[in-house]
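What follows is the residue order along each chain.
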Amino acid sequence: MKASKLLKIIRKNLKDYPIDYLRNKATDDRYRDPLVKQLAKYNSEVYDEIYSIELEEDFQIDDDVIKNIQGDIGYYFDRYSPGDAETREFTKNISLFLALIVKKPLHPFSENQKDDVYYFNGTYYCKGRVKYILDKKSLCRYCVCKNVGFSGLF
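None of these values were measured; they are calculated from a predicted model.

Visitor: I'm lost on the packing of aromatic side chains in this one. Help?
Guide: The description of two aromatic rings rests on the distance between their centres and on the angle between their planes. One pass over the structure, following the stated rule, counts 8 aromatic pairs. Here the aromatic rings of Tyr47 and Tyr51 are separated by 5.1 Å at their centres, their planes lie at 55°, and the arrangement is tilted. One end of the pair is Tyr47 and the other is Tyr51, both in helix α3 (residues 34-52) and 4 residues apart, which spans about a single turn. Classification of Tyr51 as partly exposed rests on a relative accessible area of 34%. Through a chain of ring-to-ring contacts, three or more aromatic side chains come together here, namely Tyr42, Phe109, Tyr119 and Tyr124. Note that Lys137 overlies the ring of Tyr75, its terminal NZ or CZ placed 6.0 Å from the centroid.

Visitor: What is the right way to look at the sheet that holds strand β1 (residues 117-120) in this model?
Guide: Two orientations exist for strands paired in a sheet by backbone hydrogen bonds: parallel and antiparallel. Taken together, the 3 strands give an open sheet; going across it, the order is β1-β2-β3, and neighbouring strands pair in mixed fashion. In the strand order of this sheet, the two ends are held by β1 and β3 (146-147), each with one partner. The pairing of strand β2 (residues 123-126) with β3 spans 2 bridges and is classified as parallel. Looking at the pairing, Cys126 lines up with Asn147 of β3.

Visitor: Is there a simple way to think about the side chain of Asn43 in this case?
Guide: Summarising the element assignment, Asn43 is placed in helix α3. The residues contacting Asn43, other than those within four sequence positions of it, are Leu22, Phe90 and Ile94.

Visitor: Looking at this structure, I do not really get the environment of Ser4. What am I missing?
Guide: If you trace the backbone, Ser4 turns up in helix α1 (residues 3-14). On the accessibility criterion, Ser4 (36% relative accessible area) is partly exposed. For Ser4 and Ile19, which are 15 residues apart along the polypeptide, the C-alpha to C-alpha distance reads 22 Å. Discounting chain neighbours no more than four positions away, the residues touching Ser4 are Leu55 and Asp58.

Visitor: Looking at this model, I keep getting lost on the packing of α1 against helix α5 (residues 85-102). Mind explaining?
Guide: Between two packed helices, what matters for the description is the angle formed by their axes and the separation of those axes. Put simply, α1 and α5 touch, their axes get as near as 10 Å, and they point 155° apart. For the element pair α1 / α5, the angle class is roughly antiparallel. As α1 runs across α5, the sense of the crossing is left-handed. Side by side, α1 and α5 meet where Ala3, Leu6, Leu7, Ile10, Asn13 and Leu14 of the first sit next to Phe90, Asn93, Leu96, Phe97, Leu100 and Ile101 of the second. For the contact of α1 with α5, the residue count by class is 10 nonpolar, 2 polar and no charged.

Visitor: Is there a simple way to think about the side chain of Asn93 in this case?
Guide: Summarising the element assignment, Asn93 is placed in helix α5. Leave out the neighbours within four places in its chain, and Asn93 touches Ile10, Asn13 and Leu14.

Visitor: Please clarify how the layout of surface pockets should be interpreted in this entry.
Guide: To locate leftover empty space, one rolls a probe as large as a water molecule over the atoms. Looking at the largest pocket, its volume works out to about 1,500 Å³. Of all the secondary-structure elements, those providing two or more residues to the lining of the largest pocket are α2 (19-25), α3, α4 (63-80), α5 and α6 (129-132). Take the lining of the largest pocket: its biggest share by element is 7 residues, from α4. Here the lining of the largest pocket is composed, by residue class, of 26 nonpolar, 9 polar and 10 charged.

Rules behind the numbers
- Residues numbered from 1 in each chain as written.
- Predicted model: local features only at pLDDT ≥ 70, side-chain atom pairs only at ≥ 80, totals over all residues.
- Heavy atoms only, no water.
- Phe/Tyr/Trp six-rings, centres within 6.5 Å; stacked < 30°, edge-to-face > 60°.
- Helix = DSSP H or I, 4+ residues; strand = E, 2+ residues; numbered from the N terminus.
- Buried < 20%, exposed > 50% of the residue type's maximum accessible area, 1.4 Å probe, protein only.
- Lys NZ or Arg CZ within 6 Å of the ring centre and 35° of its normal.
- Pairing = 2+ DSSP bridges.
- Contact = heavy atoms within 4.5 Å.
- Axes fitted to C-alpha atoms, helices over the stretch in contact; angles between N-to-C directions.
- Parallel < 35°, antiparallel > 145°, perpendicular 65-115°, else oblique.
- Left-handed = near helix turned anticlockwise from the far one by under 90°.
- Nonpolar A, V, L, I, M, F, W, Y, C, P; charged D, E, K, R; others polar.
- 1 Å grid on protein atoms, 1.4 Å probe; cavity = no way out; pocket = protein on both sides within 12 Å on 5 of 7 lines; lining within 4 Å.
- Points joined across faces, edges and corners; volume = space filled by probe spheres on them.

What follows is the structure, given as structure tokens:
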């Protein structure tokens, strides 16, 4: 499938998502966990990017990779959050966009090398990838992040 076609499908799938809820979650004091807020902020920014991006080059994406990501997200939600169809669909579309179209990390990142996911010298790194990639149906297999070497963990 062409990237432009996948982007069009993602936009169509997300058009009715209640994004204002997610945007508000990032600043709402009722949500005290900083990771929840950081993820809400990142995902709402990605949502905005989906609707603002214009692809400079169209390229082919393997249909089997798309199906595998969708299946692995389905596995995760069936196991950890059954019945949450809205979040499942949102996560599926955001992940497809990040992993296959813009090639950015599936998690929030910074330029601070002390953070778990960071950007340094043109490359994304994830401190947890070396561990989590071993999980059954891990989305880390599709993430653009590189593993951090042992010395980078400290």
